[in-house]
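Here are the chains, one letter per residue:
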Amino acid sequence: MRIGIVGAAGRMGQMLIREVHGNATAKLGGAVERAGSDAIGRDAGEIAGLGPLQVKIGADPAALFDAVDAVIDFTAPAASIVHAGLAAAKGKALILGTTGITAADQAKIDAAAKSAVIVQSTNFSPAVVLSFALVEEAARRLGPDYDIEIFEIHHRHKVDAPSGTALSLGRAAAKGRGIDFDKETIRGRDGHTGARPTGPIGFSVARGGSETGEHNVMFLAEGERLEIVHKASNRQIYARGAVRAALWAKGRAPGLYSMRDVLGL
């Protein structure tokens, strides 16, 4: 399967190049970077520390979609909307891991998925995706007697907070509990806040150093606490999951899928 990478010179892009190259059933079909990038014209393999792969980094996403079967995108919302449109126009699969997507952005992705296979997830780690299912089930079984608090920590360069994964965990908990996530959250506490209300899902965020990512969903009641924790020690797990999703997407009918679909959850 020919897989293309957008944002090829970034940290995630380089990991994706290495993951595709190391997969026996995949081939790096192309790579692009934003206009003006110093990486344009360079060999994608050399950028990723693999040595020459005879794949030059370009600047035209449309040409990339023409050359491959699927494109993996971990870039930025504005670029991802363009890529979703290209996937729809050219009938190619898009594996989308971009976070910070707004409701308006999502509406455009949803529209594109009517004509293309789009696998969208805030996290492509199989273990994290399994934790979504575990959190949803725990929230359903334990009920409102347990307060739900979500803590996450990431490296100092991460620009969105809470993380997309933390928000997905919160949505899973809200689904399990049968509440409206957008109306039942607590984001940040400062000063004399009073007693914790019953019902809302709380979020706490930390940023610093080179932390790859940790998420902890706590269910707290009188006398006990259940924690569902995922700790990532290497970002390569996300690249591995994204390539797995690209291979899974081959031959699927157009639609918006998630990593839960890939894992059969």
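Everything that follows concerns the structure shown earlier in this document.
Conventions used here
Residues numbered from 1 in each chain as written. Predicted model: local features only at pLDDT ≥ 70, side-chain atom pairs only at ≥ 80, totals over all residues. Heavy atoms only, no water. Patch = residues over 30% accessible without salt bridge, like charges linked within 9 Å, V, L, I, M, F, W, Y side chains within 5 Å. Areas by Shrake-Rupley, 256 points an atom, 1.4 Å probe, with all protein chains shown as cover. Salt bridge = Lys/Arg side-chain N within 4 Å of Asp/Glu carboxyl O. Helix = DSSP H or I, 4+ residues; strand = E, 2+ residues; numbered from the N terminus. Buried < 20%, exposed > 50% of the residue type's maximum accessible area, 1.4 Å probe, protein only. Expected span 1.5 Å × (residues − 1). Contact = heavy atoms within 4.5 Å. Core = buried A, V, L, I, M, F, W, Y, C linked by side-chain atoms within 4.5 Å. Polar contact = N/O pair within 3.5 Å; in protein donor to acceptor, adjacent residues only side chain to side chain.

1. What to know about a nonpolar patch on the surface
Phase 1: Among the surface-exposed residues, Leu-130, Leu-134 and Leu-265 lie close enough to one another that they form a single nonpolar patch of about 270 Å² accessible area.
Phase 2: Looking at where Leu-130 falls in the secondary structure, it is placed in helix α6 (residues 126–142).
Phase 3: You can call Leu-130 partly exposed: its relative accessible area is 40%.

2. Overview of α6
Phase 1: Taking 1.5 Å per residue, 17 residues should reach 24 Å; α6 reaches 24 Å between its end C-alpha atoms and fits that length.
Phase 2: Regarding α6, the residues found buried are Val-128, Val-129, Ser-131, Phe-132, Val-135, Glu-136, Ala-138 and Ala-139.
Phase 3: Tucked inside the fold, the buried residues of α6 contact β7 (147–154), α7 (164–177), β10 (213–221), β11 (224–232) and α9 (259–263).
Phase 4: Gly-143 sits one or two positions beyond α6 and adopts a positive phi of about 75 degrees.

3. Re the nonpolar core
Phase 1: In this structure, Ile-3, Ile-5, Ile-72, Ile-95 and Phe-219 are the most contacted members of the largest nonpolar core, which totals 56 residues.
Phase 2: If one sorts the elements of this core by residue count, helix α8 (residues 236–249) sits on top with eight residues.
Phase 3: One finds Val-68, Leu-86, Ile-109 and Ile-118 within the second-largest nonpolar core, a separate group that totals 17 residues.

4. Digging into the environment of Ala-221
Phase 1: Tracing the sequence through the fold places Ala-221 in strand β10.
Phase 2: Here Ala-221 falls in the partly exposed class, since its relative accessible area comes to 24%.
Phase 3: Contacts of Ala-221, omitting those with residues within four sequence positions, involve Asp-145 and Tyr-146.

5. With respect to the side chain of Thr-98
Phase 1: In this fold, Thr-98 is placed in the loop between β5 (93–96) and α5 (103–112).
Phase 2: Relative accessible area serves as the criterion here: at 4%, Thr-98 is assigned to the buried category.
Phase 3: In this structure the side chain of Thr-98 is engaged in a polar contact, spanning 3.2 Å, whose partner is the backbone nitrogen of Thr-75.
Phase 4: At a separation of 2.7 Å, a polar atom in the side chain of Thr-98 contacts the side chain of Ser-80.

Keep in mind that these numbers describe shape and distance, not what the molecule does.
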